[in-house]
Amino acid sequence: MKVTSAEFVISAVGPAQYPEDALPEIALAGRSNVGKSSLINRMINRKNLARTSSTPGKTQHMNYYRINERLYFVDFPGYGYAKVSKVQRAAWGKMVEKYLAERETLKLVLLVVDLRHPPTSDDKMMYDWLKHYGIPMCVVATKADKIPKTRWPKHIKIMKEALGVQPGENFIPYSSEIGLGREDLWNLVESMTAV
Ligand code: GTP
Ligand code: MG
């Protein structure tokens, strides 16, 4: 898809702030610092529209980005960040769970994982949870540029096996640095948001 407009819309803390124009939504879940915001920036080819940082925990609310007046990317706060308080974590869990379970305009969840490492227990939990509720998802294994290309197949295999990704399920190796997987992901996003 040719991106002609991309704009930050709102930093939502709950349903009262979710947009009401009923455009399809693509949500990004993944552990803190894995590269969710960078993934959005690469998709829209903008350096820093979605705020990124080498300090984990940067994205604290659900940030809505409207693309081509046609769909939203919804950037979630990352999970698994040790410095987040228990109370905050519980609040985050509730907000995200409610959104995932009830949001009618949600079309696809991108579960962003780090291709370099086996999934964390939180990654596995999120994968199982999405599957259990039948929420359409795609595992996006990012930071591929950080390992040699020759080792991608091995890392992909380990990731798929550890999560339990079945043949035919969506899985895209990705890199926000070199643009790997961008076309495939746009094709999927377009097919999931077609009207
Ligand atoms: P939170 O908002 O804390 O949940 O983090 P996030 O998942 O949004 O991660 P973010 O996009 O801010 O990226 C974290 C760090 O990883 C930044 O320093 C990015 O530059 C780096 N990074 C993200 N994606 C890639 C990638 O594909 N390749 C490389 N080399 N670095 C990446
Ligand atoms: Mg972020």
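Residues numbered from 1 in each chain as written. Chains lettered and ligands numbered in written order. Predicted model: local features only at pLDDT ≥ 70, side-chain atom pairs only at ≥ 80, totals over all residues.

**Q** What's the story with the overall build of the protein in this structure? I'm lost.
**A** For the protein, the count of helices and strands is five helices and seven strands. Along the protein, from the amino end to the carboxyl end, the secondary structure elements read β-β-α-β-β-α-β-α-β-α-β-α. Here the C-alpha atoms of the protein give a radius of gyration of 16 Å, agreeing with the 16 Å that 2.2 N^0.38 yields for 195 residues. By residue count, 35% of the 195 residues in the protein fall in the buried class. Contacts in the protein between residues far apart in sequence, at least 24 positions, make up 73% of those at least 6 positions apart. (Helix = DSSP H or I, 4+ residues; strand = E, 2+ residues; numbered from the N terminus. Rg over C-alpha atoms; globule rule 2.2 N^0.38 Å. Buried ≥ 20, exposed ≤ 12 C-beta atoms within 10 Å, placed from the backbone. Contact = placed C-beta atoms within 7 Å.)

**Q** For this particular structure, what's the right way to read the confidence of the model for the protein?
**A** Reading predicted coordinates in detail is not appropriate for stretches of low pLDDT. Summing up the model confidence of the protein, the mean pLDDT is 92 and the portion of residues at 70 or higher is 96%. Scoring of the predicted complex yields 0.95 for pTM and 0.99 for ipTM. (pLDDT = per-residue confidence, 0-100.)

**Q** Before we go on, may I ask you to explain the nonpolar core in this structure?
**A** Side chains of nonpolar character tend, in soluble globular proteins, to be buried together. The biggest cluster of nonpolar side chains holds 41 residues, and the ones touching the most others in it are Leu 28, Leu 111, Val 139 and Val 140. Of the residues forming this core, the biggest block, six residues, is contributed by strand S5 (residues 106-114). (Core = buried A, V, L, I, M, F, W, Y, C linked by C-beta atoms within 7 Å.)

**Q** Could you clarify how one ought to interpret the sheet that holds strand S3 (residues 62-67) in this entry?
**A** The strands making up a sheet are joined through hydrogen bonds of the backbone, oriented either antiparallel or parallel. Taken in spatial order, the seven strands of this open sheet run S1-S3-S4-S2-S5-S6-S7, and their pairing is mixed. A single partner strand is all that each edge strand has here, and the edge strands are strand S1 (6-12) and strand S7 (171-173). Direction aside, the axes of adjacent strands within the sheet are offset by 25° on average. Strand direction decides the pairing type here: S1 and S3, joined by six bridges, are antiparallel. Paired with Phe 8 across the two strands is Tyr 65, which belongs to S3. (Pairing = 2+ DSSP bridges. Axes fitted to C-alpha atoms, helices over the stretch in contact; angles between N-to-C directions.)

**Q** Can you walk me through the environment of Gly 78 in this structure?
**A** Following the sequence through the fold, Gly 78 ends up in the loop between strand S4 (71-75) and helix H2 (86-102). Overall, Gly 78 belongs to the buried group, with 25 C-beta atoms counted inside 10 Å. Between the C-alpha atoms of Gly 78 and Glu 177, which are 99 residues apart in sequence, the distance is 20 Å.

**Q** Any chance you could explain the environment of Thr 120 here in plain terms?
**A** Tracing the backbone shows Thr 120 in the loop between S5 and helix H3 (121-132). Setting aside its immediate chain neighbours within four residues, Thr 120 contacts Arg 31 and Gly 80.

**Q** Teacher, can you tell me more about unusual backbone geometry here?
**A** The general pattern is negative phi for most residues beyond glycine and trans for most peptide bonds. The phi dihedral of Glu 69 falls on the positive side, at around 55°, and the residue is not glycine. On the secondary structure map, Glu 69 appears in the loop between S3 and S4. Its 10 C-beta neighbours within 10 Å are what place Glu 69 among the exposed residues. Although it is not a glycine, Lys 143 adopts a positive phi angle of roughly 65°.

**Q** Is there a simple way to explain H3 in this structure?
**A** Residues spaced three or four apart along an α-helix face the same direction, because each turn holds 3.6 residues. Its 12 residues place the ends of H3 16 Å apart at the C-alpha level, agreeing with the 16 Å of an ideal helix rising 1.5 Å per residue. Elements in contact with the buried residues of H3: strand S2 (25-30), S5 and helix H4 (152-163). Just downstream of H3 lies Gly 134, where phi reads positive at about 65°. (Expected span 1.5 Å × (residues − 1).)

**Q** Mind showing me how you'd approach the pairing of S4 here?
**A** The two faces of the sheet receive side chains in turn, since in a regular strand these alternate between them. The buried fraction of S4 amounts to five of the five residues, a majority that puts the element mostly inside the structure. Residues Leu 71, Phe 73 and Asp 75 line one face of S4 and the alternating positions Tyr 72 and Val 74 line the opposite face, and both faces are buried. In this sheet, S4 lies alongside S2 in parallel orientation, the contact comprising four bridges. In the sheet register, Ala 27 faces S4, and the bridge partner there is Val 74. Sheet topology places S3 next to S4; five bridges connect them, and they run antiparallel. Each bridged residue has a counterpart across the sheet, and for Ile 67 the counterpart in S4 is Leu 71. In this structure, the hairpin formed by S3 and S4 is closed by a connection of three residues, where Asn 68 is found at a positive phi of approximately 50°.

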